[in-house]
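# Examining the three-dimensional arrangement
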Amino acid sequence: MNITKNKPLWKPKYWNDLTQEQKDEAFNGIGPEYFPEWLRKMFDNVLYWMGEAAYIHDVEYTYSKIRLLADFRFFVNCCIMAGLDIVRFYFNCIAFVGLVFGGRKAWKESRLKK
């Protein structure tokens, strides 16, 4: 996945040090790997504006050392992608709360991929 140039998304400092292949291998869509593939695909379609933020987030879950920063960056990037749409903002908040309280298992699993 390529990141759009028309929205200034917040990326980790090491972003440009990774190859496109490394980034693509880290990405599994919206939702943790332990979700069934059909559910992640549904989230990808329904929450489409989160796609690029999820891409950055998955790369961070694989290569970063600080989980909470990755989760916060995901929320900020989702808000940037949502623009002024209040419904999308609410979904962003729900996704962020889900990450904060349920992301530990996904963090541990993605850290093993490196």
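Residues numbered from 1 in each chain as written. Predicted model: local features only at pLDDT ≥ 70, side-chain atom pairs only at ≥ 80, totals over all residues. Heavy atoms only, no water.

## Details of the nonpolar core
In summary, soluble globular proteins display a tendency toward joint burial of nonpolar side chains. I3, W15, W49, M50, Y61 and F74 are the most contacted members of the largest nonpolar core, which has 23 residues in total. Secondary structure elements with two or more residues in this core: helix 3 (51-63), helix 4 (67-82) and helix 6 (104-111). Ranked by residue count, the leading element in this core is helix 3, at six residues. Setting aside residues no more than four positions away along its own chain, F74 makes contact with M50, A53, A54, H57, A95 and L99. (Core = buried A, V, L, I, M, F, W, Y, C linked by side-chain atoms within 4.5 Å. Buried < 20%, exposed > 50% of the residue type's maximum accessible area, 1.4 Å probe, protein only. Helix = DSSP H or I, 4+ residues; strand = E, 2+ residues; numbered from the N terminus. Contact = heavy atoms within 4.5 Å.)

## Things to note about the packing of helix 3 against helix 4
Packed helices, taken two at a time, are described by the angle their axes make and the gap between the axes. Between helix 3 and helix 4, the shortest axis-to-axis distance is 8 Å and the interhelical angle comes to 170°. If you check the angle between helix 3 and helix 4, you find them roughly antiparallel. In contact with E52, A53, A54, I56, H57, E60 and Y61 of helix 3, helix 4 contributes R67, A70, D71, R73, F74, N77, C78 and M81. For the contact of helix 3 with helix 4, the per-class residue count stands at eight nonpolar, two polar and five charged. (Axes fitted to C-alpha atoms, helices over the stretch in contact; angles between N-to-C directions. Parallel < 35°, antiparallel > 145°, perpendicular 65-115°, else oblique. Nonpolar A, V, L, I, M, F, W, Y, C, P; charged D, E, K, R; others polar.)

## Things to note about the pattern of salt bridges
Scanning all chains against the criterion turns up four salt bridges. We note a salt bridge from K41 to E37, for which the minimum N-O separation is 3.2 Å. Of the two residues, K41 and E37 both sit in helix 2 (residues 37-46), four residues apart, roughly one turn of that helix. With a shortest N-O distance of 2.7 Å, R73 and E60 are connected by a salt bridge. Of the two residues, R73 is situated in helix 4 and E60 in helix 3; the sequence distance between them amounts to 13 residues. Across this residue pair, the class does not change: R73 and E60 are buried. (Salt bridge = Lys/Arg side-chain N within 4 Å of Asp/Glu carboxyl O.)

## What to know about the confidence of the model for the protein
With 96% of its residues at a pLDDT of 70 or more, the protein shows a mean pLDDT of 91. Looking across the protein, the model is least confident in helix 6, with a mean pLDDT of 83, and most confident in helix 4, with 96. (pLDDT = per-residue confidence, 0-100.)

## Overview of the layout of surface pockets
Taken as a whole, the largest pocket encloses approximately 590 Å³ of empty space. Lining of the largest pocket is provided by 30 residues; of these, I30, G31, P32, F35 and L99 occupy positions nearest its centre. Among the secondary structure elements, those contributing two or more residues to the lining of the largest pocket are helix 2, helix 3, helix 5 (86-102) and helix 6. When residues of the lining of the largest pocket are assigned to their parent elements, the largest contribution, six residues, is made by helix 5. Tallied by class, the residues present in the lining of the largest pocket amount to 17 nonpolar, nine polar and four charged. (1 Å grid on protein atoms, 1.4 Å probe; cavity = no way out; pocket = protein on both sides within 12 Å on 5 of 7 lines; lining within 4 Å. Points joined across faces, edges and corners; volume = space filled by probe spheres on them.)

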